[in-house]
There are 2 protein chains.
Amino acid sequence: MAAATIKDVAREARVSVASVSRALNGGGGVTAATSARIHAAAERLQYIPHAAARMLITRRTHTVGALLPDLYGEFFSELIRGIDLAARARGLHLLVSSSHGGATEAAAAVRSMQGRVDGLLILSERVDTAFLRANLPKALPVVLLNSAVSGPAFHVINIDNHGGAVAMVRHLLQAGHRSVALIAGPPGNFDASERERGYREAMARYAPRAALTVVAGDFTEESGYRAGQQLLARTKRPAAVFAANDMMAVGCLAAFKDAGARVPEDIALAGFDDIPITRYVTPALTTVRVRIADFGRLALERLADVVEHPGQETPSADTLGFEIVVRDTCGGNKPEQNS
Amino acid sequence: MAAATIKDVAREARVSVASVSRALNGGGGVTAATSARIHAAAERLQYIPHAAARMLITRRTHTVGALLPDLYGEFFSELIRGIDLAARARGLHLLVSSSHGGATEAAAAVRSMQGRVDGLLILSERVDTAFLRANLPKALPVVLLNSAVSGPAFHVINIDNHGGAVAMVRHLLQAGHRSVALIAGPPGNFDASERERGYREAMARYAPRAALTVVAGDFTEESGYRAGQQLLARTKRPAAVFAANDMMAVGCLAAFKDAGARVPEDIALAGFDDIPITRYVTPALTTVRVRIADFGRLALERLADVVEHPGQETPSADTLGFEIVVRDTCGGNKPEQNS
DNA sequence: GGCGCCAACGTAAACGTTTTCATGCGGACT
DNA sequence: AGTCCGCATGAAAACGTTTACGTTGGCGCC
């Protein structure tokens, strides 16, 4: 016995399919009596409208797609959680697709989502304006997450990498540390370069005479460890270290411990992201928190708005707030807030 | 200019729509020459088949759904990653839906996925056989993850909670600890009860004369902290503590530290899950690892098989392997392996 | 040279909806 | 009492694809 169709319901309720559709969807144009009869029949037959047929005629899928570079780690877990929560609240389905290394792969993913989604959330290093223009049907609403493409062409929502970095460096300086070194992220990475820009700007503004120290890193724990060793080996040790993300800060902390340097007495340390681990290392890591779930939620809501009112909204660039969360690795005790 | 349809391609290539369909999908029944002409035309028009229309006629969505209770934490991050990887490898899309507290909510989720997916991955405390029979169209392939429903009615894949617990308790005993206490998980939770069953069985088998000590917990860090305090307050302290999950072990470790008890010298400790944090607490936590990404991958592959060959496979119950990962909280040094 | 067969291709039905348009009917207003 | 309007309802088209079936043409074989 195959699933019941709208025709079955119509027959059962002794009306036409049109009336069934009206009674179940629109609401208008049907007597209360017939509507009740139709609902009863639908209930009896366990009728569930065929999604594909509806999509075909309606041109709406009630689904949004999320294109992500990878799903590794707490960041994406939280991001998806936020997106999913918001989608659920709006009655939207969520189609996820990850692991888009190259541009070709991403292009294939976009193509394969064609017609299955009403809009797209894209978080990827690789996509730029040219790519989007080439691969996106221009009718498809898109919101870019944490993307370097700024122009007025697309909706963008970014984490406040720059602001967070400025605030953290300022916090370290105000805590009394004369010099602050940076462990940078991978070259070419948007988050990394924005955080480095924030570091440089804050140093120039709040400690114009201090030397700039930047050692390389790639966001991994190992690179943080190596960076920590390098920093200790220098003749002029910095008073504080700002790692461009928490994983590197954790690695750096291990290097300091192994070398017998006390944190924060001998050298202060701070990270970026506020991943859960930061609370459990000893001493607990000072870092800048971004509410990732909110990030996802915001992105989905913006996308949903664009889907509802196509072309009305002028592309906007939002930036998500952050907080400096002071724990035990930074020495000072001046909490700071920003949102 | 709307998206190109198959008719546009047919006109462009001066053939019928049927030939276009054959050339692009099946392969058979078309001359090489015409096929080339069709492909060229499709390329020129940037033709992408309308997914919904295809679903409607084909009755295949090339999409699987994943019903999850929540998306919080590293566990689900990894699970989704594994599922997504396998889905991508099979050319399937992934529709996720989380936050299903109650049964009604889960039922609604199942209904709303109706017709959008070829099969369903379900991980939920609340669903039992009765629920599934009531809410699932019996044609829809389903694979249950970590579920208590055993019967021969559904495909099930479980983590080896029982085996892992047995192995860990045995490991603690073999490391020389006379007594092992358990910090239990929330009552009614499947994982929790299986792990407790493993604890009791291992104690009965390997330390039949030792007293059983079970204190309550609910998988949260706080409950682990409280349990740790309770255990220290006892007149007869256990030599080792097995927490039913890592978060509780971490909380318990904090309680021991705060009370001045040395780990593992004064009291040994072990967890379950191998979440990333376990590597970063001091001392690093001994635990039992389950490869969650593999878990997801396996589940999806089984589901894909069922989708391909409907009704052929007899419902199977698989169990995923585990490893004891020995770190610094358990005192002994006898690694053990099992898969 | 006629017959039949096979491959290539076209025609049209079908999938399950939504929606536009037509139809009929009752009641209110002139 | 006749006309008109509005409202509930039904018939049918449309969405874009796949596929069963029919048609054509060419070629081999007798």
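Residues numbered from 1 in each chain as written. Chains lettered and ligands numbered in written order. Predicted model: local features only at pLDDT ≥ 70, side-chain atom pairs only at ≥ 80, totals over all residues. Heavy atoms only, no water.

Asks: Mind showing me how you'd approach the protein's contact with DNA strand D here?
Replies: With respect to spatial proximity, 26 residues lie near DNA strand D, and among them Arg 59 of chain A together with Ile 6, Ser 21, Asn 25 and Tyr 47 of chain B are the closest. Taking all atoms of DNA strand D within 4 Å of the protein, the share assigned to sugar and phosphate is 66%. With respect to DNA strand D, the side chain of Thr 31 of chain A contributes an N or O atom lying 3.0 Å from a sugar or linking oxygen. One of the side-chain nitrogen or oxygen atoms of Arg 59 of chain A is found 2.4 Å away from a phosphate oxygen of DNA strand D. Among the elements of the structure, helix 2 (17-26) and helix 4 (51-58) of chain A together with helix 2 (17-26) and helix 4 (51-58) of chain B are those that each provide at least two residues to the surface near DNA strand D. Along the lines of polarity and charge, the residues of the surface near DNA strand D split into twelve nonpolar, ten polar and four charged. (Near = heavy atom within 4 Å. Polar contact = N/O pair within 3.5 Å; in protein donor to acceptor, adjacent residues only side chain to side chain. Helix = DSSP H or I, 4+ residues; strand = E, 2+ residues; numbered from the N terminus. Nonpolar A, V, L, I, M, F, W, Y, C, P; charged D, E, K, R; others polar.)

Asks: It is not clear to me how the nonpolar core should be interpreted in this structure. Could you clarify?
Replies: General note: in soluble globular proteins, nonpolar side chains tend to be found buried as a group. Counting residues in each nonpolar core, the largest one holds 102 residues, and the members touching the most others are Leu 79, Leu 121 and Phe 242 of chain A together with Leu 79, Leu 121 and Phe 242 of chain B. Apart from residues no more than four positions distant in its own chain, Leu 121 of chain A is found in contact with Gly 65, Ala 66, Leu 67, Ile 83, Val 143, Leu 145, Ala 299, Leu 300 and Leu 303 of chain A. One finds Leu 232 of chain A together with Ala 192, Ala 227 and Ala 249 of chain B within the second-largest nonpolar core, a separate group that totals 52 residues. (Core = buried A, V, L, I, M, F, W, Y, C linked by side-chain atoms within 4.5 Å. Buried < 20%, exposed > 50% of the residue type's maximum accessible area, 1.4 Å probe, protein only. Contact = heavy atoms within 4.5 Å.)

Asks: How do you make sense of the pairing of strand 8 (residues 240-243) of chain A when you look at a structure like this?
Replies: Here is the key point about a regular strand: its side chains alternate between the two faces of the sheet. All names here are of chain A. Of the two faces of strand 8, the one lined by Ala 240 and Phe 242 and the one lined by Val 241 and Ala 243 are each fully buried. Here four bridges tie strand 6 (residues 180-183) to strand 8, and the two strands are oriented parallel to one another. Within strand 8, the residue paired with Val 180 across the bridge is Ala 240. Each parallel crossover has a hand, and the one from strand 8 via helix 11 (residues 246-259) to strand 9 (residues 268-270) is right-handed. (Pairing = 2+ DSSP bridges. Right-handed = clockwise from strand over helix to strand, strands pointing away.)

Asks: Please explain the packing of aromatic side chains as it appears in this structure.
Replies: Aromatic rings in a pair are described by how distant their centres are and how their planes are angled relative to each other. Residue and element names in this part refer to chain A. Scanning all chains against the criterion turns up four aromatic pairs over all chains. Seen in terms of ring centroids, Phe 75 and Phe 76 are 5.2 Å apart; in terms of plane orientation they differ by 85°. Their pairing is edge-to-face. For Phe 76, a relative accessible area of 12% translates into the label buried. Taking the centre distance of 6.5 Å and the plane angle of 40° together, the rings of Phe 242 and Phe 272 count as tilted. Of this pair, Phe 242 sits in strand 8 while Phe 272 sits in the loop between strand 9 and strand 10 (287-289), and the two are 30 residues apart along the sequence. Exposure class is identical for Phe 242 and Phe 272. Each is buried. Over the face of the ring belonging to Phe 272 we find Arg 195, whose NZ or CZ atom lies 3.8 Å from the ring centre. (Phe/Tyr/Trp six-rings, centres within 6.5 Å; stacked < 30°, edge-to-face > 60°. Lys NZ or Arg CZ within 6 Å of the ring centre and 35° of its normal.)

Worth remembering: the numbers are spatial, not functional.
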